[in-house]
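Working through the structure, step by step
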Amino acid sequence: MRRKKNLEARLEQCSAYLINCETANRNYEEPPDGSQIIDFEKIYGNSNRIMLEIGCGKGGFACEYAKRFPDVNVLAVEKTPNVIVTACEAAAAEGLTNILFMNCEAEYLERFIPKGSISEINLNFSCPYPKAKYAKHRLTHERFLKIYENLMAPDAAIFQKTDNPRFFEFSVESFSKFGFEISNVSLDLHNSGFKGNIVTEYERIFSENGQPIYRLEARLPAAQVSK
């Protein structure tokens, strides 16, 4: 992607929507020391539950979610500054007050997000990394599920959507092996009668091209969440 013109200036203009995620230590395997943990009640100004979207792209899903559920705090993560600036600008244009963005990789989420603070995680059309040697980069790989497990509150759920059947199969297997209980599986979401779906930018393109959308919900047993 070509670097956007005046990127730094545009990011500064919407800085009210951006959480500082700068970190000197780039070794994500090193346990977080707790010094950068976010005080959600302080930055949102309330103690509402938090929905985390990992890989928010241009922010279409996150912004629509924030509008539909004003009593939920939306936390949207995107690792590419060139992309997240568009998401921030969209939120600003809508005047949304219950959404914030983090410009960082998913590997570092535990450095910033308090343990057990997330009520819902959305993984919308994550990169499938189709080559087997890159499987560990898939956002439903075991190494990421360990992160989610630490972030999730009791009764929290993960919602995944993808257009890629092989990635979906991998995810079902990965969730199951980790101990997640999978429910509400759809192999063709748009023809399933499911209500309340928020269509993402990619989802609209895939659906218009006749591709089925795969969806699932994953939850950890209460005993595993509270361990």
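Our structure's up above, just so we're on the same page.
Quick summary incoming for the structure in this document. (Residues numbered from 1 in each chain as written. Predicted model: local features only at pLDDT ≥ 70, side-chain atom pairs only at ≥ 80, totals over all residues. Heavy atoms only, no water.)

**Brief notes about the pattern of salt bridges**
Worth spelling out the cut-off: One side-chain nitrogen of Lys or Arg within 4 Å of one carboxyl oxygen of Asp or Glu is enough to make a salt bridge. Secondary structure elements are defined from DSSP: runs of H or I of at least 4 residues count as helices, runs of E of at least 2 residues count as strands, and each element is numbered from the N terminus. The buried label goes to any residue with under 20% of its type's maximum accessible area, the exposed label to any with over 50%, and the partly exposed label to all in between, with areas taken from a 1.4 Å probe on protein chains only.
This structure, assessed with the given rule, holds 11 salt bridges. Across the salt bridge formed by lysine 146 and glutamate 142, the nearest N and O atoms sit 3.9 Å from each other. Of the two residues, lysine 146 and glutamate 142 are both situated in helix H6 (residues 142–151); the distance of four residues between them amounts to about one turn of the helix. Classification of lysine 146 as partly exposed rests on a relative accessible area of 43%. Two residues, lysine 177 and glutamate 173, come together in a salt bridge whose shortest N-O distance is 3.0 Å. One end of the pair, lysine 177, and the other, glutamate 173, are both in helix H7 (residues 165–178), four residues apart, so they sit about a helical turn from each other. Judged by its relative accessible area of 67%, lysine 177 falls in the exposed class.

**Remarks on the sheet that holds strand E2 (residues 50–54)**
Spelled out, the test is: Strands qualify as paired when DSSP identifies two bridges or more between them. The criterion used for residue contact is that any of the two residues' heavy atoms lie within 4.5 Å. Comment: axis = line fitted to C-alpha atoms, over the contacting stretch for helices; angle = value between 0 and 180 degrees taken between N-to-C directions.
The sheet built from eight strands is open, its strands ordered E1-E4-E3-E2-E5-E6-E8-E7 with mixed pairing. Taken across any chain shown, the strands that pair with only one partner, and hence form the sheet edges, are strand E1 (18–19) and strand E7 (181–186). As defined by bridge partners, E1 adjoins strand E4 (residues 99–102) across two bridges and the pair is classed as parallel. Opposite leucine 18, over in E4, you have phenylalanine 101 as the bridge partner. The strands touched by helix H4 (residues 81–94) within the sheet are E1 and E4, with E4 carrying the most contacts at an inclination of about 170 degrees.

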